[in-house]
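Spelled out, the chains give:
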Amino acid sequence: MALGLTERANLHVSELVEVQSGYVHRLEYAYYLIIDGQEYCARDYDGIHGYHGHTIGHERVEAGRISFKAATEAAWEILSKEEELTGDQPAGE
């Protein structure tokens, strides 16, 4: 699923979840910030690589656990700084 943040940017979201005793548990997740069609950064958790992130060019870096809310806030912060550099304004500003 892609969440539109601006005309130039989306946050691509993927989560594999299961419900146990009424609680939702994320078994895997991936949150990718895409700007102008290019992967800018990402945070992932999977059974092979554990918790990690990605930089431009999909280089894997160490990173801890992150929630969907925190990933969205981080993406918005990065995007806001990026937009300031180009003079564009994030949606809703």
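The shown structure was predicted, so the numbers you read here are calculated from the model rather than taken from an experiment.

Turning our eyes to something else, we now look at the overall build of the protein chain. Of regular secondary structure, the protein chain possesses one helix and six strands. In the protein chain, buried positions account for 32% of the 93 residues. Nonlocal contacts in the protein chain, meaning residues at least 24 apart in sequence, comprise 30% of its contacts between residues at least 6 apart. A total of about 6100 Å² of accessible surface is found on the protein chain, and carbon and sulfur atoms cover 51% of it.

Taken as a whole, this structure holds five aromatic pairs when the rule is applied. For the pair Tyr29 and Tyr51, a centre-to-centre distance of 6.5 Å together with 40° between the ring planes defines the contact as tilted. Taken as a pair, Tyr29 in strand β3 (residues 23-35) and Tyr51 in strand β5 (residues 50-54) lie far apart in primary sequence, 22 residues in all. Through pairs of rings, three or more aromatic residues link up here, namely Tyr29, Tyr31, Tyr45, Tyr51 and Phe68.

It is worth spelling out the sheet that holds strand β6 (residues 60-62) at this point. Overall, antiparallel pairing links the six strands, which are arranged β1-β2-β3-β4-β5-β6 in an open sheet. For this open sheet the edge positions go to β1 (2-4) and β6, each flanked by a neighbour on one side alone. For this sheet the average axis-to-axis angle between neighbouring strands, irrespective of direction, equals 25°.

Counting residues in each nonpolar core, the largest one holds 13 residues, and the members touching the most others are Leu5, Leu11, Tyr31 and Leu33. Of all the elements in the fold, those that place two or more residues in this core are β2 (9-20), β3 and α1 (68-86). Considering every element that reaches this core, the biggest residue donor is β3, with four residues. Residues contacting Leu33, with those up to four places away along its chain left out, are Leu5, Asn10, Leu11, Gln38, Glu39, Tyr40, Cys41, Ala75 and Ile78.

The phi angle at Ser21 is positive, at roughly 55°, despite the residue not being glycine. Structurally, Ser21 can be placed in the loop between β2 and β3.

Before going further, it helps to spend a moment on the confidence of the model for the protein chain. Confidence in the prediction of the protein chain, expressed as mean pLDDT, is 89, and 88% of residues score 70 or more. Mean pLDDT per element in the protein chain: α1 is the minimum at 85, and β2 is the maximum at 96.

Cut-off values and rules
- Residues numbered from 1 in each chain as written.
- Predicted model: local features only at pLDDT ≥ 70, side-chain atom pairs only at ≥ 80, totals over all residues.
- Heavy atoms only, no water.
- Helix = DSSP H or I, 4+ residues; strand = E, 2+ residues; numbered from the N terminus.
- Buried < 20%, exposed > 50% of the residue type's maximum accessible area, 1.4 Å probe, protein only.
- Contact = heavy atoms within 4.5 Å.
- Areas by Shrake-Rupley, 256 points an atom, 1.4 Å probe, with all protein chains shown as cover.
- Phe/Tyr/Trp six-rings, centres within 6.5 Å; stacked < 30°, edge-to-face > 60°.
- Pairing = 2+ DSSP bridges.
- Axes fitted to C-alpha atoms, helices over the stretch in contact; angles between N-to-C directions.
- Core = buried A, V, L, I, M, F, W, Y, C linked by side-chain atoms within 4.5 Å.
- pLDDT = per-residue confidence, 0-100.

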